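Observations on the three-dimensional arrangement
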Amino acid sequence: MKKVKNRAGFVLLLALLCICGLGVYCYRYVTQGSDWVAWSANAGLYSADSAMGKVVDRNGVLLADASAKSYSEDYTTRVSNYHLVGDYTGNVGTGVLNQLADKLTGFNLVTGTYHTDAPTLELTVDAALNNTAYAALAGRSGSVLVCNYETGEIICMVSSPAIDPTNPGTVPDGAYLNHGISSTYVPGSVYKLVTLAAALDNIDDIWDRTFTCNGSVMVEGSQLNCTGVHGTQTIEQALAHSCNCAFSELSQLLGPDILAEYAEKLGMTTRHDIDGIPTAAGSYEKFEPGTINLSWSGIGQATDLVCPYSMLRLAAAVGNGGTLVEPTLLGYGTNKRTTQLLSSETAGYMADMMSYNVQASYGTGTFPGLNICAKTGTAEVGDGTDHAWFVGFLNDDAHPYAFVVQVERGGGGLSVAGSIANRVLQAAVAN
């Protein structure tokens, strides 16, 4: 009798485990079924009779036909949109064909996949604008990102170098990596925007202070050099001069804890996602108060690393009064994802100061017809070369665009990245 009870108990336990397993399977099927179907190893899905759809840009320009495993017929469009779209072999891990494959399957929980209802995935990007951005990069390794800071729509996402997915040939180094969202770089002076935000929020007399620059300053017995001799200056002038001496002083006043807090708060050290597509997290290392490395860390050097996408988010938040509409490739309609990165007051101050940068230091004639607010960066890499950065937004109700341009070992921020930004933005506002 005891054996019968034990066996019955064992059978009951097996039945309960099966029921639990079935429950877990049903839950995962409902929540993850489309992901299972879209898995790259599902050979049936990617056959000629599969239910895969098409990828088009905001104007209906074909970027990829997943059922036919084909791309745009235009060579330039294939190359400039390569990192955005990806390829059918999954070489670009962050490409739409890989990361958003579930949205191309025409999947139904009851009937599975079906060919007649394969969806068309319309992206927010403008393929022609991507073509312009890729041409402006002129083969240099780097990236261009532009988004509408009121709607979050990414209208330009380009990384270079790229390849033609239909005829790759010799693949250059870095061609499978979207440098705008998957790489991190020494930011240089564009990072002063992060330190500026911390200073505006935490130094009570920031508007009454003046900063003296004699071309260098001694910190911890070592000389920290500036880009010029700027004399006595306000905080607004210090940003326009991109004065290392002033931002060294700010870094020491703020200290490592506040600087690290703002690096995280403003998203510099965080991994983000774009409609589920992951981005790279930057890094900020805390150094002891009074050290020269603490000064350099607030200037955007030392061991600082930043993803271009993170700078795009910050520029978009400043342009939108402190509220970030999280960038998207798919669009939100009325259900926007928002993050409060800055107070409206701090964002307003930063916007005015970035506008002053252009008027006082860069020259409005450098960007004809554009009401641009920006910050340059010429980041020392340590091998005698510099990364070129240009970050900002247009103060323009009709064209509310935030942007970031980064060129690896490109040289001067204004002359290199700034000229690329001007070319791309001129094309964007002309559309």
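The model shown is predicted, which means the values in this text are computed figures rather than measured ones.

The rules behind each value
- Residues numbered from 1 in each chain as written.
- Predicted model: local features only at pLDDT ≥ 70, side-chain atom pairs only at ≥ 80, totals over all residues.
- Heavy atoms only, no water.
- Patch = residues over 30% accessible without salt bridge, like charges linked within 9 Å, V, L, I, M, F, W, Y side chains within 5 Å.
- Areas by Shrake-Rupley, 256 points an atom, 1.4 Å probe, with all protein chains shown as cover.
- Salt bridge = Lys/Arg side-chain N within 4 Å of Asp/Glu carboxyl O.
- Helix = DSSP H or I, 4+ residues; strand = E, 2+ residues; numbered from the N terminus.
- Phe/Tyr/Trp six-rings, centres within 6.5 Å; stacked < 30°, edge-to-face > 60°.
- Buried < 20%, exposed > 50% of the residue type's maximum accessible area, 1.4 Å probe, protein only.
- Contact = heavy atoms within 4.5 Å.

A few words on a nonpolar patch on the surface. Taken together, the side chains of L12, L16 and I19 define a hydrophobic patch exposed on the protein surface, amounting to about 310 Å² of accessible area. As for its placement among the helices and strands, L12 is situated in helix α1 (residues 2-37).

Moving on to the packing of aromatic side chains. By the definition in use, this model includes seven aromatic pairs. Consider the rings of Y71 and Y88, whose centres lie 5.0 Å apart with planes at 45°: the pair is tilted. With Y71 in strand β3 (residues 70-71) and Y88 in the loop between α3 (82-85) and α4 (96-99), this residue pair connects regions lying 17 residues apart in the sequence. Its relative accessible area of 12% is what places Y71 among the buried residues. Note on Y88: relative accessible area 23%, which makes it partly exposed. Pairing Y149 with F393 gives two aromatic rings, centres 6.0 Å apart and planes at 90°, and the pair type is edge-to-face. Within this pair, whereas Y149 is found in the loop between β7 (142-148) and β8 (154-160), its partner F393 is found in strand β18 (residues 386-394), the two being separated by 244 residues in sequence. There is no split in this pair, since Y149 and F393 are both buried. In textbook terms, an aromatic cluster arises when at least three aromatic residues are bridged by ring pairs, as seen for Y362, F367, F390 and F403.

The next point concerns unusual backbone geometry. Leaving glycine aside, a negative phi is the common case for residues, and trans is the common case for peptide bonds. At the junction of S160 and P161, the peptide bond is cis and its omega measures out at 5° in the coordinates. Phi is positive for A138, close to 55°, though the residue is something other than glycine. At E220, a position not held by glycine, the phi torsion is positive, near 60°. Locating E220 in the fold gives a position in the loop between β10 (216-219) and β11 (222-225). On the basis of relative accessibility, which here comes to 51%, the residue E220 falls in the exposed class.

In this section: helix α7 (residues 192-202). A large share of α7 lies buried, amounting to nine of its eleven residues. Among the residues of α7, K192, L193, V194, T195, L196, A197, A198, A199 and L200 are the ones counted as buried. Contact partners of the buried residues in α7: α8 (235-241), α9 (244-265), α10 (292-299), α11 (308-319), α12 (344-362) and β17 (372-380).

Looking now at the environment of E288. Here E288 is to be found in the loop between β14 (277-278) and α10. In sequence terms E288 and D257 are 31 residues apart; their C-alpha atoms lie 9.7 Å from each other.

What follows covers the pattern of salt bridges. One pass over the structure, following the stated rule, counts nine salt bridges. The partner of K265 in a salt bridge is D201, and the shortest N-O contact between them spans 4.0 Å. Placement of K265 in helix α9 and of D201 in helix α7 is noted, with a sequence separation of 64 residues between them. Given a relative accessible area of 39%, K265 falls into the partly exposed group. A salt bridge links D383 to R409; its shortest N-O distance comes to 3.0 Å. In this pair, D383 is assigned in the loop between β17 and β18 and R409 in the loop between β19 (401-407) and α13 (413-430), connecting sequence segments 26 residues apart. On the basis of relative accessible area, R409 is assigned to the partly exposed category, the value being 44%. Where salt bridges share partners, they join D205, R209 and E249 into one cluster.

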